[in-house]
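# Structure at a glance
Now for the letters of each chain:
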Amino acid sequence: MAFIRFFHVLGAIMFFGSVLDHVAVSQIPGLLEDARTLLVGRQFIGVSADYVTMPGLVLLLVTGPIMVIARRPSILKVRWLGVHMLIAVLITLNVVLVMYPVGQDILDLVARGLADGQSLEQILGSIKDLADQEATFGPLSVLCTVVTIFIAVIKPRFGRVAEA
Ligand code: HEM
């Protein structure tokens, strides 16, 4: 089981590390002042999402249930695990339904805008709504991930005397 746990932690490192990288890239000075720099930044986020973030999430979603099935803990007693899993589901929905598709759409719009010779203002205008969604749901993803990792490591009792 330590082997599975290793891959769960590896998945958490890949997932959370790459999400923080996306935040860092979006803070590059001048990113919103030059369309080509914007494209490279969004390409980095796209490649990182495909090769690090999503594989990390898949690792988490494969290894997590294996550990749960192997131990068969009572979710009612092991409350931290129930909360950990619930938040993990919210993170997954946020990534799969919002963050990943929005990131892809922004990359497509920036690439197409540049190819069509649009001005920087036009490109920024075309991605504004999507960028607003990213600015809302991105921090939510970071916050939920910090909370669920905290819960899994600290294993708070939430009012009951029980541990996994
Ligand atoms: C975004 C999703 C998730 C993240 C970031 C995450 C992260 C973590 C972390 C950091 C640990 C602590 C490991 C340790 O202390 O050794 C952990 C433990 C655990 N996670 Fe997750 N996890 C996620 C999703 C899931 C899911 C979906 C399940 C089950 C369906 C799950 C089940 C477990 C279990 C059973 C443990 C206990 C491991 C132990 O104490 O040996 N996790 N998780």
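Note that the coordinates shown come from a computational prediction; the quantities given were computed from them, not determined experimentally. (Residues numbered from 1 in each chain as written. Predicted model: local features only at pLDDT ≥ 70, side-chain atom pairs only at ≥ 80, totals over all residues.)

### Concerning the overall build of the protein
Convention followed: Helical segments are the DSSP runs of H or I of at least four residues, strand segments are the runs of E of at least two, and each set is numbered from the N terminus. In this scheme every C-beta is placed from the backbone, and a residue whose C-beta has 20 or more other C-beta atoms within 10 Å is buried, one with 12 or fewer is exposed, and one in between is partly exposed.
The number of helices and strands found in the protein is four helices and zero strands. The dimensions of the protein, computed from C-alpha atoms along their principal axes, are 60 × 30 × 25 Å. Residue burial in the protein is summarised as follows: out of 164 residues, 24% are buried.

### Some details on the environment of L61
Mapped onto the elements of the fold, L61 is located in helix α2 (residues 35–71). Taking C-alpha positions, L61 is 9.7 Å from M85, a pair spaced 24 residues apart along the chain.

### Observations concerning the nonpolar core
Side chains of a nonpolar character, in soluble globular proteins, are inclined to be buried together. Convention followed: By definition, a nonpolar core groups buried Ala, Val, Leu, Ile, Met, Phe, Trp, Tyr and Cys residues that are joined through C-beta atoms within 7 Å. Each residue is represented by a C-beta atom placed from its backbone, and any two residues with such atoms within 7 Å are regarded as in contact.
Ranked by size, the top nonpolar core spans 10 residues in total: A12, M14, F15, F16, V19, L57, L60, I91, V95 and M99. Among the elements of the structure, α1 (2–25), α2 and α3 (79–115) are those that each provide at least two residues to this core. For this core, the element with the highest residue contribution is α1, accounting for five residues. Contact partners of V19, with chain neighbours within four places excluded, come to T53, S141, V142 and T145. Judged by nonpolar contacts, the second largest core, of seven residues, contains A35, I106, L107 and I127.

### Section: the site of the ligand
We count it as follows: Note on definitions: a residue is near a molecule or strand provided its C-beta atom, placed from the backbone, lies within 6 Å of it. Note on residue classes: Ala, Val, Leu, Ile, Met, Phe, Trp, Tyr, Cys and Pro are nonpolar, Asp, Glu, Lys and Arg are charged, and everything else, Gly too, is polar.
With respect to spatial proximity, 22 residues lie near the ligand, and among them A12, G64, M67, A88 and A152 are the closest. No other element matches α2, which puts six residues into the shell around the ligand. Grouping the amino acids of the shell around the ligand by side-chain chemistry returns 16 nonpolar, five polar and one charged.

Purely geometric stuff here, so don't read any function into it on its own.
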